[in-house]
Amino acid sequence: MTHRITLIPGDGIGPEVVGAARRVIEATGVSIQWEEINAGGEALKRYGKLLPEELLEAIKRNKVALKGPITTQVAEGFPSLNVRLRKMFDLYANFRPIKNLPNVPCRFGDLDLIVVRENTEDLYAGLEHEVVPGVVESLKIITEKASTRIARFAFDYARQHHRREICAIHKANIMKLSDGLFLNCVRAVAQEYSDVKYRELIVDNTCMQLVMNPQQFDILLLENLYGDIISDLGAGLIGGLGLVPGANIGIDGAIFEAVHGSAPDIAGKGIANPTAVMLTSVLMLEYLKESEAARRLQNAIEQVYREGKHLTRDVGGRATTEEFTDAVVKAISAP
Ligand code: ATP
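Definitions and limits used
- Residues numbered from 1 in each chain as written.
- Predicted model: local features only at pLDDT ≥ 70, side-chain atom pairs only at ≥ 80, totals over all residues.
- Heavy atoms only, no water.
- Helix = DSSP H or I, 4+ residues; strand = E, 2+ residues; numbered from the N terminus.
- Rg over C-alpha atoms; globule rule 2.2 N^0.38 Å.
- Buried < 20%, exposed > 50% of the residue type's maximum accessible area, 1.4 Å probe, protein only.
- Contact = heavy atoms within 4.5 Å.
- Areas by Shrake-Rupley, 256 points an atom, 1.4 Å probe, with all protein chains shown as cover.
- Patch = residues over 30% accessible without salt bridge, like charges linked within 9 Å, V, L, I, M, F, W, Y side chains within 5 Å.
- Salt bridge = Lys/Arg side-chain N within 4 Å of Asp/Glu carboxyl O.
- Expected span 1.5 Å × (residues − 1).

**Details of the overall build of the chain**
Phase 1 of the analysis: A count of helical and extended segments in the chain gives 11 helices and 12 strands.
Phase 2 of the analysis: By the compact-globule yardstick of 20 Å for 335 residues, the chain fits well, its C-alpha radius of gyration being 20 Å.
Phase 3 of the analysis: Overall, the chain is about 55 × 45 × 40 Å in size when its C-alpha atoms are taken along their principal axes.
Phase 4 of the analysis: Taking all 335 residues of the chain together, the buried fraction comes to 53%.
Phase 5 of the analysis: In the chain, 73% of the contacts between residues at least 6 apart in sequence involve partners at least 24 apart.
Phase 6 of the analysis: Counting only carbon and sulfur atoms, one obtains 53% of the accessible surface of the chain, whose full area is about 15400 Å².

Take a look at the structure:
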C-alpha cells in the first residue's frame, strides 16, 4: 500500500533534518508518495502566505504530515504557526517519548518516560489583552472536554502498551479552579482504568524530582504549558533537543514533528542532529501500521549510536548531518 504524506520542511535546520528523515524512511522500503509544501518564511516568499491554502488542503486530504520546525516570530501579531496548525486540525494529544540512546553522555541512564501533553488550550489559547497601560491579562483556558480526552488518550495508551504508571502534573494548590478541573477530569478517567497505576504531583516538585530521580517516572500527563516546559527538561536529561521525537495526534489525522525548534544558530551548517526527526518518523511509521519498517528504523538508529563512530556534535561526535544519515541508511540496508 502506498501512503500519501504531506512533507513540511520548515525553517532553519528543518529542511536539513526533514530531508535526512525522508532518506531513512525511503531506505526502509515503505511506499510513500510525498506531497511537499512548506509553511513559514519559505511559504511566505512562494505563496504570499505563512500558511498556504495548498498546505491546509494537503493536510486535510492526506491526514498524515511530517513537519520540520517553523520559527515563531517573537513580534506581536505573529501567532505561532505550529500552535495554529495543532488547533486547526484539533490535534489534541502531544506525545513525546524520552528515552536514552547508547553512547550519549548524560547524567542518568535507564530513562524511558513519555510526556503526554494537552495540545489545544491552556495559556496557548493566545487570549491576551492590555487591561490598562502597564497591566496585561493572559487567559488560561482549561475545559472539561479537553482535559477528559487527553486523560483518556494517556490511559488508553498506558493500557495498550502495558506502561506502569500515569502521573498527572499540576499546580492545583494555586490554580484551584483551572488545574483543579484538570485533575478532577483525570481522576474520573483514572477510575475507569483500575489496571493502570495513577498518582499526582505538583509541577515544581516534579522539576526537582526529574533532576534527582527521573527513573521513577513512566507517563507524565500535563496541561499544555507545563508539558512544553517539562518536555525540554526531559530532553536535557537524555542529551538534548536533537534526540526527542514527537507526534501531534487528533481523531482524524496526525502531524509528526520533533520537539526542537528551528535552531537558527546552527542552520545551514550541515551539523544539525536529525535523530529527533528520524525517531519522529518511527512514530509516524507505527501510526501508519508499518510496524516492521518502524522497528528496522529504530534498530538502525540505535545501532549507529552503539557503534558511536558517526555521531553529530551535539552528542559528542564529529559527524555531519549527512554522515550520520548515511550511517543510518547503511544500517537499515545491512542484512
Ligand atoms: P524556536 O523558537 O524555533 O522553537 P529555539 O531557539 O527556541 O527555536 P531550538 O531551535 O529548539 O529553540 O534550539 C535550542 C538549542 O538547541 C539551540 O542551541 C539549538 O542549536 C539546539 N538544537 C535544537 N535542535 C537541534 C538539533 N536537531 N541538533 C543539534 N542541536 C539542536
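Text resumes after the structure shown.
**Considerations on a nonpolar patch on the surface**
Phase 1 of the analysis: Taken together, Val-131, Val-132 and Val-135 make up a surface patch of nonpolar side chains, about 230 Å² in accessible area.
Phase 2 of the analysis: Here Val-135 is to be found in strand β7 (residues 135-138).

**A short note on helix α5 (residues 144-160)**
Phase 1 of the analysis: Spanning 17 residues, α5 covers 24 Å between terminal C-alpha atoms, matching the ideal 24 Å at 1.5 Å per step.
Phase 2 of the analysis: Within α5 the residues assigned to the buried category are Ala-146, Ser-147, Arg-149, Ile-150, Ala-151, Phe-153, Ala-154, Phe-155, Tyr-157 and Ala-158.
Phase 3 of the analysis: Of the residues one or two after α5, His-162 is the one with positive phi, at around 50°.

Function cannot be read off these values alone, since they describe shape.
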